[in-house]
Amino acid sequence: MIFNNKKFAKDLKSIRQDLGVGVRGLKGLNVSHSTISRLENGKLPDILTYAKICRWMEKPLETYFK
C-alpha cells in the first residue's frame, strides 16, 4: 500500500481553511499547531496523529492509501 500524503495534506489544509481557522485554532484536535503545519507542508504523520486527524476530518483511515 502507498500513502497519498499529498492528498492528505491538501485535505487537511482545505478543511481547516473552510472552518476559517489557522493552525493554532485547532485546539480540540489535541495535535500541536507545529505538527499541523508540518503535515500541511508534506511531512508524514505518525499513526496516532493520522488516526486523530482522519477522525476529525470524518474520513475513514483507508482514504489516503492505495
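On a predicted model such as this, the values are computed, not experimentally measured, just so you know.

Novice: What's the story with the environment of Asn 4 in this structure? I'm lost.
Specialist: Looking at the secondary structure, you find Asn 4 in the segment before helix 1 (5-18). The exposure class of Asn 4 is partly exposed, given its relative accessible area of 25%. The residues touching Asn 4, leaving out its near neighbours within four places in the chain, are Tyr 64 and Lys 66. Among the polar contacts made by the side chain of Asn 4, one reaches the main-chain amide nitrogen of Lys 7 at a distance of 3.1 Å.

Novice: Just checking my understanding: could you explain helix 2 (residues 33-40) for this structure?
Specialist: Counting along an α-helix, one turn takes 3.6 residues, and residues three or four places apart therefore face a common direction. Where helix 2 is concerned, the buried positions are Thr 35, Ile 36, Leu 39 and Glu 40. All buried residues of helix 2 project into a common sector of 135° when viewed along the axis, lining one side. Within two residues after helix 2, Gly 42 carries a phi angle of roughly 100°, on the positive side.

Novice: Any chance you could explain the pattern of salt bridges here in plain terms?
Specialist: Scanning all chains against the criterion turns up two salt bridges. The closest approach of N and O atoms between Arg 16 and Glu 40, which form a salt bridge, is 2.7 Å. With a gap of 24 residues between them, Arg 16 in helix 1 and Glu 40 in helix 2 connect regions that are remote in the sequence. Judged by its relative accessible area of 7%, Arg 16 is buried.

Reading guide: rules and limits
Residues numbered from 1 in each chain as written. Predicted model: local features only at pLDDT ≥ 70, side-chain atom pairs only at ≥ 80, totals over all residues. Heavy atoms only, no water. Helix = DSSP H or I, 4+ residues; strand = E, 2+ residues; numbered from the N terminus. Buried < 20%, exposed > 50% of the residue type's maximum accessible area, 1.4 Å probe, protein only. Contact = heavy atoms within 4.5 Å. Polar contact = N/O pair within 3.5 Å; in protein donor to acceptor, adjacent residues only side chain to side chain. Arc of directions from axis to C-beta. Salt bridge = Lys/Arg side-chain N within 4 Å of Asp/Glu carboxyl O.

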